[in-house]
Amino acid sequence: MGTMSKIKLYDTTLRDGAQHEGISFSVEDKLRITQRLDELGIHYIEGGWPSANPKDTRFFLRAKELRLNHARLAAFGSTRHRRYKAEKDPNLRALLKAETPVVTIFGKSWDLHVTDVLEVTLEENLDLIYSSVQFLVSRVEEVIYDAEHFFDGYRADPEYAIKTLEAAQAAGAHCLALCDSNGGRLPDQVEDIIEQVKCKISTPLGIHAHNDSGVAVASSLLAIKHGVHHIQGTINGYGERCGNADLCAVIPNIKLKLNLDCITDEQLRQMAEVSWFVSELANMRHQSGRPYVGESAFTHKGGIHISAVLKNPLAYEHVPPGLIGNRQRILVSDQAGQGAIVGKAAEYNIDLTKDDPQTKKLLEELKRLEHDGFQFEGAEGSYELLLKRALGLHK
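This text gives an overview of the structure that appears in the document.

About the cut-offs
- Residues numbered from 1 in each chain as written.
- Predicted model: local features only at pLDDT ≥ 70, side-chain atom pairs only at ≥ 80, totals over all residues.
- Heavy atoms only, no water.
- 1 Å grid on protein atoms, 1.4 Å probe; cavity = no way out; pocket = protein on both sides within 12 Å on 5 of 7 lines; lining within 4 Å.
- Points joined across faces, edges and corners; volume = space filled by probe spheres on them.
- Nonpolar A, V, L, I, M, F, W, Y, C, P; charged D, E, K, R; others polar.
- Buried < 20%, exposed > 50% of the residue type's maximum accessible area, 1.4 Å probe, protein only.
- Helix = DSSP H or I, 4+ residues; strand = E, 2+ residues; numbered from the N terminus.
- Pairing = 2+ DSSP bridges.
- Right-handed = clockwise from strand over helix to strand, strands pointing away.
- Expected span 1.5 Å × (residues − 1).
- Contact = heavy atoms within 4.5 Å.
- Phe/Tyr/Trp six-rings, centres within 6.5 Å; stacked < 30°, edge-to-face > 60°.
- Axes fitted to C-alpha atoms, helices over the stretch in contact; angles between N-to-C directions.
- Salt bridge = Lys/Arg side-chain N within 4 Å of Asp/Glu carboxyl O.

Let's shift gears to empty space enclosed by the protein. To find leftover empty space, one rolls a probe the size of a water molecule over the atoms. A complete count under the given rule lists 1 cavity of 30 Å³ or more for this structure. Reported here for the largest cavity is a volume of approximately 30 Å³. Along the lines of polarity and charge, the residues of the lining of the largest cavity split into 5 nonpolar, 2 polar and 2 charged.

Turning our attention to the pairing of strand E2 (residues 44–48). Counted residue by residue, E2 has 5 buried out of 5 residues, so it is predominantly covered. Summarising the sheet, strand E1 (residues 8–11) and E2 pair through 2 bridges and their orientation is parallel. Bridge assignment links Asp11 to a residue of E2, and that residue is Ile45. Crossover connection from E1 via helix H1 (residues 27–40) to parallel E2: handedness right-handed.

Of the two faces of strand E8 (residues 230–233), both are covered, the one formed by His230 and Gln232 as well as the one formed by Ile231 and Gly233. Pairing of E1 with E8, which is carried by 4 bridges, proceeds in the parallel orientation. When the sheet's bridge partners are listed, Tyr10 is paired in E8 with Gln232. Examined bridge by bridge, strand E7 (residues 205–209) and E8 share 3 bridges and lie parallel to one another. In the strand pairing of E8, Gly206 is matched with His230. A crossover links E7 with its parallel partner E8, the connecting element being helix H9 (residues 216–225), and its sense is right-handed.

Next up on the list: helix H8 (residues 187–198). If you check H8, its first and last C-alpha atoms are 17 Å apart, about what 12 residues at 1.5 Å a residue would give, namely 16 Å. Of the positions making up H8, those classed as buried are Pro187, Gln189, Val190, Glu191, Ile193, Ile194 and Val197. Contact partners of the buried residues in H8: helix H6 (150–156), helix H7 (158–170), strand E6 (175–180), E7 and H9.

Turning next to helix H5 (residues 122–137). An α-helix turns once per 3.6 residues; consequently, residues spaced three or four apart project the same way. For H5, with 16 residues, the first-to-last C-alpha span of 23 Å sits near the 22 Å given by 1.5 Å per residue. Within the span of H5, buried status applies to Asn125, Leu126, Leu128, Ile129, Ser131, Ser132, Val133, Phe135 and Leu136. Buried residues along H5 sit against helix H3 (90–97), strand E4 (102–108), helix H4 (111–118), strand E5 (142–148) and H7.

Once that is clear, we can look at the packing of aromatic side chains. Going through the model one piece at a time under the given rule, you end up with 7 aromatic pairs. Between Trp49 and Phe106 the ring centres are 5.9 Å apart and the planes differ by 75°, which places this aromatic pair in the edge-to-face class. In this pair, Trp49 sits in the loop between E2 and helix H2 (54–63) while Phe106 sits in strand E4, placing the two residues 57 residues apart along the sequence. Overall, Trp49 belongs to the partly exposed group, its relative accessible area being 24%. One aromatic cluster is present, built from ring pairs that chain together Trp49, Phe76 and Phe106.

This part covers the environment of Phe277. Mapping Phe277 onto the fold places it in helix H12 (residues 271–281). Classification of Phe277 as buried rests on a relative accessible area of 18%. Considered as a pair, Phe277 and Ile235 are 42 residues apart in the sequence and their alpha carbons are 9.9 Å apart. Apart from the residues lying within four places of it in its own chain, the contact partners of Phe277 are Arg32, Ile33 and Arg36.

Attention now goes to unusual backbone geometry. Positioned with a positive phi, Glu99 is a non-glycine residue whose angle comes to about 55°. Tracing the sequence through the fold places Glu99 in the loop between H3 and E4. The backbone phi angle of Glu119 is positive, close to 60°, even though this residue is not glycine. By the secondary structure assignment, Glu119 is in the loop between H4 and H5.

Attention now goes to the sheet that holds E7. Taking strand neighbours around the barrel as the criterion, the 8 strands line up as E1-E2-E3-E4-E5-E6-E7-E8 in a closed arrangement whose pairing is parallel. The average undirected angle you get between the axes of adjacent strands in this sheet is 25°.

Another point: the pattern of salt bridges. It is possible for side chains of opposite charge to pair when their charged atoms get near one another. Tallied over the entire structure, the rule returns 17 salt bridges. Across the pair Arg62 and Glu65 runs a salt bridge, and its minimum N-O distance is 3.9 Å. The salt bridge involving Glu141 is made with Arg72; its shortest N-O contact spans 2.1 Å. Of this pair, Glu141 sits in the loop between H5 and E5 while Arg72 sits in strand E3 (residues 72–78), and the two are 69 residues apart along the sequence. Judged by its relative accessible area of 56%, Glu141 is exposed. Connected via shared salt-bridge partners are Arg15, Asp16 and Glu46.

This is the structure we're talking about:
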């Protein structure tokens, strides 16, 4: 991989994530999430589309009061409408009015979108990109250009897709984020295209992957291995349709698997808590099986697994859960062995050993009750009472 500078994290939970079915953030929610993401060490926080609705307009007004220590706030919008010159375009004017240090605009890379969706000529589209970026570059500190549908566009017409990037580059964009907007490209296709783009484009590249094929995190990590330093995603992978690259998996993988710098170790320990915090404000059920941050990510239920993990956590845990602010959990059920009984007793500060006759007796009682229809893995208090009664510790 060679020497690489710090990976920059770009969070779009408040805009792309808010497009997830069932999510509707209030202005207050968005302000609280912004503050929390800043504490996590996120470098860019995309606040929304200022001209899209009154809520986002209000958010940017209120966000001026926030004191952010790590993050730069970004306003999001599109290239100018063909009816307007850049300086008269309502969308671009609204982006400036948000007064954020960063503005991110998207433009079309795929000829299908240019002709069938925008209904302009291919040449006109290049001018929309160039004039919009040029207008913003002279008025804000940093301009990020999102090349929407880039990978699909490249497969359809590589020469034209590159021309759209060249237009943004010539206009002075600070970063070009290559978007897999339909989430349909596999990781090997993403890395092949990035390698070809690098031969023609000198501006720093970013990746914005959607998860429709279930590979957004994999594509983002492979992009890093091919020299991309700017990674876009959302907390918990929230986003339209099947969501975006999940930063709760991307960030620990960057730190713990790729051994690259993005946030501090102390900030990484906030990862699980931030995941829960955002799901709470999004009014979404926190998915227990989510990698790294889910409640089940380091939970052990099978008897053989529990026995092994109590001897050495590395046996069934790929990283120590405390690094992400998560914890190991032992479940007791009819799948359990004596190791589970011993491990669970330790959680209640009770010393048991596998050789203790009480351990075997407890396991038999547990399995009998589970056979009768009881379930203890989600009833910690009930199991604690069962344990203490069996050992004569219950009062």
